Number of protein chains: 2
Amino acid sequence: MDTAETVLASRGVRPTPQRVVITEYLLNTKSHPTADQVLEAVANALPVQLSRATVYNTLHTLVEAGVIQEVYTEPGGCARYDANTERHHHFVDTKNGCIYDIPFEAVPSLDKSLDDNYKVSNYTVTFFGEPKQGQPKQES
Amino acid sequence: MDTAETVLASRGVRPTPQRVVITEYLLNTKSHPTADQVLEAVANALPVQLSRATVYNTLHTLVEAGVIQEVYTEPGGCARYDANTERHHHFVDTKNGCIYDIPFEAVPSLDKSLDDNYKVSNYTVTFFGEPKQGQPKQES
DNA sequence: TAACAATCTTAGAGTTAGTCTAAATAGTGT
DNA sequence: ACACTATTTAGACTAACTCTAAGATTGTTA
């Protein structure tokens, strides 16, 4: 079991107290928190004030180091952060706006479909519609 | 050839001068302008001041009436508006942010790929990468 | 281990892309 | 013409960041 310190050190990120608590929080939640949610959740785990700027700095550092992923679910919405760094697509429930993660493998590969004219390095698919019965409830 | 007035009238949207010039601009560009670009492009085609609020009101009205589409290309980026309301996908040039329309048929159908768990009514694919040689230059 | 440079954090100001509000104006039906 | 609704406007407001300048902390070198 990797501690936040270990993870940070192994990626060459100096494990300051602020970075450690933020990383710990992200490694231990399955939700996709916003920057503000991270700030709120983590603020009183530190003996000092935690600044908004530090939260953003740290999140960007962690993204660059590959520890977390920045995810946009709602179009036009704010960034969410996810310690699960696997590629995935999204399904938007048009009735209520809920968003479900779709595993990357659930969708046939489109890597080659524009080969004639474009060099594709990445792509994302957003589906719209309604879940059928029995979909697992998932935090957005 | 449909004029902006005709299009608006046929969708039950009262063709005010502000709406007409905005619609004209969008029907005649292949670019995917932001709200601010619409404002800048259209402002001096009117004898009166054009307010930012009116631009947003009009864009929302046009989206609801099905005259244009709201498109989000860059994750976390701002809304862009597209008078091409045919189903299509987008390719984002990661070097310069230019956006190209990808015909719907250029991508294999994904309508059935989530059939087990979801009723999919629509989907869009956004590709990221670089165009190969000889792509037609297109405004972003 | 003292000096100093580099890195990190902070509060708060600034920016962007909108949304909201209240008042003025324009258009519609009778 | 009169009441009523729809539309537009300027500008205040908001959310989600981003930037800045100063101070704190840490690491490095002598």
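Refer to the preceding data block for the structure.
Predicted model only: the values in this text are computed from it and were never measured.

**Q** What am I meant to see in the protein's contact with DNA strand D here?
**A** Contacts to DNA strand D come from 17 residues, most closely from Tyr56 of chain A together with Thr16, Arg19, Gln49 and Thr54 of chain B. Of all DNA strand D atoms lying within 4 Å of any protein atom, the proportion belonging to sugar or phosphate reaches 85%. Note that a sugar or linking oxygen of DNA strand D is positioned 3.1 Å from one of the side-chain N or O atoms of tyrosine 56 of chain A. In this structure, threonine 16 of chain B approaches DNA strand D through a side-chain N or O atom, which is 2.4 Å from a phosphate oxygen. Of all the elements in the fold, those that place two or more residues in the surface near DNA strand D are α4 (52-64) of chain A together with α2 (17-27) and α4 (52-64) of chain B.

**Q** What's the story with the relation of the copies chain B and chain A in this structure? I'm lost.
**A** In this arrangement, two copies of a chain are superimposed by a rotation about an axis accompanied by a shift along the axis. You can overlay chain B on chain A at an RMSD of 1.4 Å; the transform is a turn of 179° with a shift of 1.0 Å along its axis. Taken together, the rotation angle and the small translation identify this as a two-fold axis. Among all C-alpha atoms of chain B, that of valine 125 of chain B lies closest to the rotation axis, at 2.8 Å. An overlap of 100% is found between the interface residues of chain B and their copies at the interface of chain A, pointing to a shared contact surface.

**Q** Any chance you could explain the layout of surface pockets here in plain terms?
**A** Here the largest pocket defines a volume of roughly 1,200 Å³. For the largest pocket, the lining is made up of 44 residues, of which Thr73, Thr124 and Thr126 of chain A together with Tyr72 and Thr126 of chain B are closest to its centre. The leading source of residues in the lining of the largest pocket is strand β5 (residues 118-131) of chain B, at six residues. Grouping the amino acids of the lining of the largest pocket by side-chain chemistry returns 16 nonpolar, 20 polar and eight charged.

**Q** What is the right way to look at the side chain of histidine 89 of chain A in this model?
**A** Residues and elements named next belong to chain A. Relative to the helices and strands, histidine 89 is located in strand β3 (residues 88-93). In this structure the side chain of histidine 89 is engaged in a polar contact, spanning 3.1 Å, whose partner is the backbone nitrogen of valine 125. The residues touching histidine 89, leaving out its near neighbours within four places in the chain, are Tyr100, Asp101, Ile102, Pro103, Phe104, Val107, Tyr123, Thr124 and Val125.

Definitions and cut-offs
- Residues numbered from 1 in each chain as written.
- Chains lettered and ligands numbered in written order.
- Predicted model: local features only at pLDDT ≥ 70, side-chain atom pairs only at ≥ 80, totals over all residues.
- Heavy atoms only, no water.
- Near = heavy atom within 4 Å.
- Polar contact = N/O pair within 3.5 Å; in protein donor to acceptor, adjacent residues only side chain to side chain.
- Helix = DSSP H or I, 4+ residues; strand = E, 2+ residues; numbered from the N terminus.
- Least-squares fit on C-alpha atoms with pLDDT ≥ 70 in both.
- Contact = heavy atoms within 4.5 Å.
- 1 Å grid on protein atoms, 1.4 Å probe; cavity = no way out; pocket = protein on both sides within 12 Å on 5 of 7 lines; lining within 4 Å.
- Points joined across faces, edges and corners; volume = space filled by probe spheres on them.
- Nonpolar A, V, L, I, M, F, W, Y, C, P; charged D, E, K, R; others polar.

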